[in-house]
Amino acid sequence: MTVILLRHGRSTANTSGVLAGRSPGVHLDDRGREQADELVSRLGEHLGAIRAVVRSPLDRCAETVAPLLAALGTNGDRPPEVVVDDLAEVDYGGWTGRPISELLSEPLWKVVQQQPSAAVFPDGEGLADVQARAVRAIRELDRVYGGADGAGVWIACSHGDVIKSIIADAMGSHLDAFQRIVVEPASISVVRYSSSRPYVHTVNNTHKLSVPTPRPATGDDQQASDDAVVGGDTGAAATIPATSG
């Protein structure tokens, strides 16, 4: 029973430096739409094995899987598209819509970085609650779409922090370690759930060599340049493409 965890493609919020959360009207940018189109060829030989395309209800996830669904056909034998609220983005509450640069000075920022299991966003969710709902949904869906033979492959399109929390659980890691996981826009992570334990096969595959570059410090705060990005990596940093040879 294998789930392909797909983060949505790059969005307009990713490149504007704003924590979008569940804000309406956040769509893929030009690069994000390219990433959505590229997903079909990236999945290649595995397309025929996909039993369901499950996604968050937010627009950027719907737009990410749209080309894939089109490639899977339009007749009755196409795998179902299933919208699952428990795979929605974190409810960041009062942080929603605020610039990341502005959030760096919030006392909660350090909690999110150092002890995310204790982080509860003002008028929003706690990250521990996010992990609980997301992992519960993934495991329940895997029992449905994994099939009786355990050979089922399905896709779950969600958001950065949500996917990171699922991977942390699959790795047997405490949520407080989840900031060590990087999940870029349009990245693929693969988890197989067996009867004994999950197996993490792939994390943050972007179909190219993604080499991190240091983020510039904001103001006088050098530490902030090395902090995890709330909501997930924005995909705006430079990367070095893989080369042949």
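Bear in mind that the values here come from a model prediction, so they are computed numbers and not experimental data.

**Notes on helix α5 (residues 107-114)**
Those residues of α5 that sit buried are Leu108, Trp109, Val112 and Gln113. Along the long axis of α5, the arc covered by the buried residues comes to 145 degrees, so they all point the same way. Across from the buried face of α5, at angles greater than 90 degrees, the exposed residues are Pro107, Lys110 and Gln114. Tucked into the core, α5 has its buried residues touching α4 (100-103) and α6 (127-145).

**What to know about the sheet that holds strand β3 (residues 81-83)**
One open sheet accounts for six strands, arranged β3-β2-β4-β1-β5-β6; its pairing is mixed. Every other strand in the sheet has two partners, leaving β3 and β6 (198-205) as the edge strands with one partner each. Here the strands of the sheet are splayed against their neighbours by 20 degrees on average, with no regard to which way each runs. Strand direction decides the pairing type here: strand β1 (residues 2-7) and strand β5 (residues 188-193), joined by five bridges, are antiparallel. The residue of β5 that forms the bridge with Thr2 is Arg192. Packed onto the sheet, helix α3 (residues 59-71) meets β1, β2 (50-55), β3 and β4 (153-158) and runs at close to 160 degrees relative to β2.

**Describing the confidence of the model for the protein chain**
When pLDDT is averaged across the protein chain, the result is 88; 86% of the residues are at 70 or more. Across the protein chain, helix α7 (residues 160-171) holds the top mean pLDDT of 98, while helix α1 (residues 12-16) sits lowest at 92.

**Digging into α3**
With 13 residues, α3 should cover 18 Å at 1.5 Å per step; its first-to-last C-alpha distance of 19 Å lies within 8% of that length. Along its length, α3 shows its largest kink, about 35 degrees, at Val65, and proline Pro67 lies within four residues downstream of that point. Every buried residue of α3 is accounted for by Arg60, Cys61, Thr64, Val65, Leu68 and Leu69. Elements that come into contact with the buried residues of α3 comprise β1, α2 (30-43), β2, β3 and β4. In the stretch just after α3, Gly73 is the one whose phi turns positive, near 110 degrees.

**Re the packing of aromatic side chains**
Under the definition given, this model contains four aromatic pairs. Residues Trp95 and Trp109 carry aromatic rings whose centres are separated by 6.3 Å and whose planes lie at 20 degrees to one another, so their mutual orientation is stacked. In this pair, Trp95 sits in the loop between β3 and α4 while Trp109 sits in helix α5, placing the two residues 14 residues apart along the sequence. Classification of Trp95 as buried rests on a relative accessible area of 2%. Trp109 sits in the buried class, given a relative accessible area of 3%. Ring-pair connections join several aromatic residues into one group, and the members of that group are Tyr92, Trp95, Trp109 and Phe121. When the ring centre of Phe178 is taken as origin, the NZ or CZ atom of Lys164, which lies over that ring, is 4.7 Å away.

**What about the pairing of β2?**
Summarising burial for β2: five of the six residues are buried, a large majority. Inspection of the sheet shows β2 paired to β4 by four bridges, in the parallel sense. The residue of β4 that forms the bridge with Val54 is Ala156. Pairing geometry for β2 and β3, over three bridges, is parallel. In the sheet register, Arg55 faces β3, and the bridge partner there is Val83.

**As for the pattern of salt bridges**
The final tally for this structure, using the stated rule, is 13 salt bridges. Across the pair Arg31 and Glu34 runs a salt bridge, and its minimum N-O distance is 3.0 Å. In this pair, Arg31 and Glu34 are both assigned in helix α2, three residues apart and thus about one turn of the helix distant. Given the relative accessible area of 27%, Arg31 is considered partly exposed. The shortest N-O distance in the salt bridge between Asp86 and Arg136 comes to 3.6 Å. Of this pair, Asp86 sits in the loop between β3 and α4 while Arg136 sits in helix α6, and the two are 50 residues apart along the sequence. The class of Asp86 is partly exposed, set by a relative accessible area of 28%.

**Digging into unusual backbone geometry**
Non-glycine residue Asp123 carries a positive phi angle of around 60 degrees. Along the polypeptide, Asp123 turns up in the loop between α5 and α6. Of note in this structure, Ala186 is not a glycine but carries a positive phi near 65 degrees. One can find Ala186 in the loop between α7 and β5. On the basis of relative accessibility, which here comes to 5%, the residue Ala186 falls in the buried class.

Basis of the calculations
- Residues numbered from 1 in each chain as written.
- Predicted model: local features only at pLDDT ≥ 70, side-chain atom pairs only at ≥ 80, totals over all residues.
- Heavy atoms only, no water.
- Buried < 20%, exposed > 50% of the residue type's maximum accessible area, 1.4 Å probe, protein only.
- Helix = DSSP H or I, 4+ residues; strand = E, 2+ residues; numbered from the N terminus.
- Arc of directions from axis to C-beta.
- Contact = heavy atoms within 4.5 Å.
- Pairing = 2+ DSSP bridges.
- Axes fitted to C-alpha atoms, helices over the stretch in contact; angles between N-to-C directions.
- pLDDT = per-residue confidence, 0-100.
- Expected span 1.5 Å × (residues − 1).
- Bend = angle between axes of the 7 residues up to and from the residue.
- Phe/Tyr/Trp six-rings, centres within 6.5 Å; stacked < 30°, edge-to-face > 60°.
- Lys NZ or Arg CZ within 6 Å of the ring centre and 35° of its normal.
- Salt bridge = Lys/Arg side-chain N within 4 Å of Asp/Glu carboxyl O.

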